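Here's the letter readout for the chains.
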Number of protein chains: 2
Amino acid sequence: MPSDATTGKPSLMSVDDALAAILAGLQPTAAETRPIATALGYRLAADLTACLTLPPQAVSAMDGYAVRAADVGTLPVELTRIGESAAGHPWTGTVGAGAAVRVFTGAAIPDGADTIAIQEDVDPAPETDGVTITVRAVEPPGRYIRPAGLDVTAGTVILEAGQLMSARAIGLAVAAGLTEVNVHRKPRIGILSTGDELVSPGHRPGPGQIISSNASFLCAFVESCGAIPVDLGIAPDRPGALLDAIRRAPGLDQAPLDLIVTSGGASVGTHDHVIDDITGEAQHGASGVNFWKIAMRPGKPLISGYIDKIPLIGLPGNPVSTAVCAMVFLRPALAHLAGGSDSSPCFAMPLGSDLDENDQRQDYIRAVIIEKQGLHTVQPAPRQDSSMMSVLTGATVLIVRPPFDPARKAGAMVRVMPIPPLT
Amino acid sequence: MPSDATTGKPSLMSVDDALAAILAGLQPTAAETRPIATALGYRLAADLTACLTLPPQAVSAMDGYAVRAADVGTLPVELTRIGESAAGHPWTGTVGAGAAVRVFTGAAIPDGADTIAIQEDVDPAPETDGVTITVRAVEPPGRYIRPAGLDVTAGTVILEAGQLMSARAIGLAVAAGLTEVNVHRKPRIGILSTGDELVSPGHRPGPGQIISSNASFLCAFVESCGAIPVDLGIAPDRPGALLDAIRRAPGLDQAPLDLIVTSGGASVGTHDHVIDDITGEAQHGASGVNFWKIAMRPGKPLISGYIDKIPLIGLPGNPVSTAVCAMVFLRPALAHLAGGSDSSPCFAMPLGSDLDENDQRQDYIRAVIIEKQGLHTVQPAPRQDSSMMSVLTGATVLIVRPPFDPARKAGAMVRVMPIPPLT
């Protein structure tokens, strides 16, 4: 644990350093081959190479007539319609002098033609071959013609290893002739709550008790990130309870966990046994732990380690701290396990109200985006207590304030991290 | 259809007007009761009322000692530790003069105490009752004490009808004592591709043919929006094919569709039969159609209507037009069918390069966010052809340019619509 040379107290670790250390301890899951129609949310385990060229030949980008540039140097000009090329019904002849071929969007451009007259620039004409059409204007050669391979060339990489299979990526891969993809299997994430104060959902809490809700949040969070949650239940605040819960979970010999996530028990209070449980096992070589105080708010205490060779992330127990640490650390960890990296775009936005100066902890302020007359500002929630899930649930973004950020006035630009709707 | 009084030509309809008209024709699906653990991505059909108050009593926000303000007017002061209140193990006595109770984060504040001395402000003391502790500093009364009901009050609404059940909402509802929720069932969306040029995935395209990929995109898109896709296959370009595909789809009598989405066949080309198919049925009263040219790029032609009483949205067939129209029209339509409204936040961001002036169509420019030395800018892709799925797949945002927007220099603020990672 890093410590401050002057005071000897453990110093706070930066969010970036903690995240890098967590990711360094995680290996992506094994690869599997899946039908592409079931690949939404998976990440590619290898580059994906196109089987087909798109478009396969030059096609029209508009409805109109395919003509020869040599014939339309002087306008207006009369040409003879000699055929029609529609999507799926190419015209296979060659366009000679004085000829035009009716074309529709997506249809192959016939040999000999190099220019499109869009239909708005041609006098209305019957849809029959042999008629004379009058062209009043044309586009420059090549304009409104999509050359073969404009989008995709067969044999080239269209999607790289690690890429998330989005709906767009699936559409692109299908168009390029793929039917299955090599992806990392979904990570399986064990979720364990700790604390004597917790009762399971559906039970009535007694004096001093509360319902265990962090596991419900974390299971849904893991699912929303495309991984598989495995609820390991509640471990009470006694030595060994954490190990028991993990080792006695049914079915784990058939389908091992890729990561264990705990909530609570990560502070330095007398009743926090998570660290003791893991370090007590360290002599067997399959377990180990780092405990960090992170320079962030909410969510100072964080555990990173492994137990029986399974990586473990120990989140703080306050619901808001749990949730914010899940967004900051667990989401990138899940993306890494799934073979990729998290790439939620942050952006800058003007503040809607003043903020005091910040201390040494990176602050994640619950906020909403407000639009007034086309101007977007970000408005911090009036109360930021780390127990208030109602405030976090109503937030749409987090304002990320670096350590020691000076006081900011309304209108100042701040860094904003969007909260995905399903988070 | 609106038309321009001067030219008689149909005028272009605005995106907002078209979207409002589409939403006006859609009814939310029926409600059902689900266990809360399976509610991720559903929308509430009724307000959700808390069963419990959170916290149920005043609790400590820190590890430390609960004391009486009257005892700590002069500091330092020595007090006698008379008990301990931990999460799940409240101390049930009353704190009298000269006494202190050890408290941990989340633990009940005992009667009589109104002030927290955090443990950093108390000289290190054994964790046993009866010892004398020395308090060097305290917080003002109430500071670091979370009053009962700070987060949630039993009997009050914590989540409103229409709210998306996010991981956070699930955590909040579980904490408030809920075990099941009343939500709208997932909408079932029929996906139909049209066009003679299309062959199914897994088949080799012949001359002039391409693989049908819009249905693959749309099925994944619908799934990513929390609805259920039903692939209705490919309808060729002949009269009646659309009706056949919809009416002969297996299983629809048991599980009817809530919406039909077509792609292609929505232009005014000779081979586009979607409109004719629907209007041909209009005399039976269960079908009808509006065809709009929307002032947007990509994606001008759009159909809105209903067939056999099922609402229908007809998207253009260019893959990029299909996808952008799905983001602009279909995503809000799916949210509306599911009982809520789409609320993806847009924001303003400085341009990374110059943009020419815009014409009468609202432009959705494929772009990426670039960060350089902490400054975020949005960089338009160099080529914007509406057939290029590779460009759209690589984009992370769309720049939304209003009609007739003047030329913009790099650095000018533009409106940005994020593309969700799974889209």
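Look up a bit, the structure's there.
Parameters at a glance
- Counting of residues starts from 1 at the beginning of each chain's written sequence and follows it residue by residue.
- Just so you know, chain letters begin at A and ligand numbers begin at 1, following the order they were written in.
- Local features in a predicted model are, by the rule used here, given only for residues with pLDDT of at least 70; side-chain atom pairs are given and counted only at 80 or more, and totals for whole chains, interfaces and linings are based on all residues.
- Going along the chain from the N terminus, every DSSP run of H or I of four or more residues is numbered as a helix, and every run of E of two or more is numbered as a strand.
- With C-beta atoms placed from the backbone, a residue counts as buried when 20 or more other C-beta atoms lie within 10 Å of its own, as exposed when 12 or fewer do, and as partly exposed for counts between those limits.
- Residues are defined as contacting one another if the C-beta atoms placed from their backbone atoms lie within 7 Å.
- When the copies are overlaid, the least-squares fit takes in C-alpha atoms only where the residue has pLDDT of at least 70 in both copies.
- Each residue gets one of three labels, nonpolar for Ala, Val, Leu, Ile, Met, Phe, Trp, Tyr, Cys and Pro, charged for Asp, Glu, Lys and Arg, and polar for the others, Gly among them.
- For two strands to be treated as a pair, DSSP must find at least two bridges joining them.
- Fitting axes to the seven residues ending at a residue and to the seven starting there, one defines the bend at that residue as the angle between these axes.
- Only the contacting stretch of a helix is used when fitting its axis, a line to C-alpha atoms as for every element, and angles between N-to-C directions run 0 to 180 degrees.
- By the definition adopted for this analysis, an angle is roughly parallel if under 35 degrees, roughly antiparallel if over 145, roughly perpendicular if from 65 to 115, and oblique otherwise.
- With the far helix as reference, a near helix turned anticlockwise by less than a right angle produces a left-handed crossing, and one turned clockwise produces a right-handed crossing.
- As used throughout, a nonpolar core is a set of buried Ala, Val, Leu, Ile, Met, Phe, Trp, Tyr and Cys residues joined through C-beta atoms within 7 Å of each other.
- Summarising the geometry, the arc corresponds to the directions from the helix axis toward the C-beta atoms.

Caption draft 1: View of the overall build of chain A. Of the regular secondary structure elements, chain A holds 7 helices and 25 strands. Along the longest, intermediate and shortest principal axes, the C-alpha atoms of chain A span 95 × 55 × 50 Å. Counting the 423 residues in chain A, one finds 52% classified as buried. The long-range fraction of contacts in chain A, counting pairs at least 24 apart against all pairs at least 6 apart in sequence, stands at 71%.

Caption draft 2: A look at the relation of the copies chain A and chain B. For the pair chain A and chain B, the relating rotation is 180°, the translation along its axis is 0.0 Å, and the fit reaches an RMSD of 0.0 Å. Taken together, the turn and the small shift mark the pair as related by a two-fold rotation axis. Looking at the interface residues of chain A, 100% of them are also at the interface in chain B, so both copies use one shared face.

Caption draft 3: Examining the interface of chain A and chain B more closely. Between chain A and chain B, the contact holds 77 residues from the first and 77 residues from the second. Mapped onto the side of chain A that touches chain B, the elements with two or more residues apiece are α2 (167-175), β14 (210-211), α3 (214-224), α6 (319-337), β21 (347-350) and α7 (389-394) of chain A. Of the residues belonging to the side of chain A that touches chain B, the class tally is 41 nonpolar, 27 polar and 9 charged.

Caption draft 4: Region of interest: the pairing of strand β4 (residues 64-67) of chain B. Residues and elements named next belong to chain B. Bridge count between β4 and strand β6 (residues 99-103): 3 bridges; the pairing is antiparallel. In the sheet register, Ala66 faces β6, and the bridge partner there is Val101. Where β4 lies against strand β7 (residues 115-118), 4 bridges are found, and the strand directions are antiparallel. Of the residues in β7, the one forming a bridge with Tyr65 is Ala117.

Caption draft 5: A look at the environment of A:Leu337. Residue and element names in this part refer to chain A. Mapped onto the fold, Leu337 is located in helix α6. Taking the C-alpha atoms as reference points, Leu337 and Leu259, separated by 78 residues in sequence, lie 8.7 Å from one another. In this view, Leu337 contacts Leu26, Pro28, Thr29, Pro187, Asp258 and Leu259; residues no more than four positions away in its chain are not counted.

Caption draft 6: α6(A), seen in detail. Residue and element names in this part refer to chain A. Along its length, α6 shows its largest kink, about 45°, at Ala326. The element α6 is largely enclosed, with a buried count of 18 among its 19 residues. Following α6 by one or two positions, Gly339 has its phi on the positive side, about 95°.

Caption draft 7: Layout of the packing of α3(A) against helix α2 (residues 167-175) of chain B. Between α3(A) and α2(B), the least distance of the axes is 8 Å, while the angle of their chain directions is 165°. Between α3(A) and α2(B), the angle falls in the class roughly antiparallel. The handedness of the crossing between α3(A) and α2(B) comes out as right-handed. The residues of α2(B) that touch α3(A), namely those facing A:Asn214, A:Ser216, A:Phe217, A:Ala220, A:Phe221 and A:Ser224, are B:Ala167, B:Arg168, B:Ile170, B:Gly171 and B:Val174. Of the residues assigned to the contact of α3(A) with α2(B), the class counts are 6 nonpolar, 4 polar and 1 charged.

Caption draft 8: Here's a closer look at the nonpolar core. Counting residues in each nonpolar core, the largest one holds 207 residues, and the members touching the most others are A:Ala173, B:Ile170 and B:Ala173. Contact partners of B:Ala173, with chain neighbours within four places excluded, come to B:Ile36, B:Leu48, B:Ile158, B:Leu159, B:Leu178 and B:Val181.

Caption draft 9: A look at the sheet that holds strand β17 (residues 288-293) of chain B. Residues and elements named next belong to chain B. Strand order in the open sheet made by the 6 strands is β15-β12-β16-β20-β19-β17, with mixed pairing throughout. Unpaired on one side and paired on the other, β15 (228-235) and β17 mark the two borders of the sheet. Strand-to-strand twist across the sheet, computed as the mean angle between neighbouring axes with direction ignored, equals 20°. With 6 bridges joining them, β17 and strand β19 (residues 301-307) adopt antiparallel strand pairing.

Caption draft 10: Representation of helix α1 (residues 15-24) of chain B within the structure. Residues and elements named next belong to chain B. When α1 is considered as a whole, its buried residues turn out to be Val15, Ala18 and Ile22. In a view along the axis of α1, the buried residues occupy a sector of 70°, so they form one face of it. Opposite the buried face of α1, by more than 90 degrees, sit the exposed residues Asp16, Ala20 and Ala24.

Caption draft 11: Main features of the sheet that holds strand β15 (residues 228-235) of chain A. Residue and element names in this part refer to chain A. Spatially, the 6 strands line up as an open sheet ordered β15-β12-β16-β20-β19-β17, and their pairing is mixed. The two strands at the open ends of the sheet, each matched to only one other strand, are β15 and β17 (288-293). Within the sheet, the average angular offset between the axes of one strand and its neighbour, ignoring direction, is 20°. One ladder, built from 5 bridges, connects strand β19 (residues 301-307) with strand β20 (residues 310-315); its direction is antiparallel. Bridge assignment links Ser304 to a residue of β20, and that residue is Ile313.

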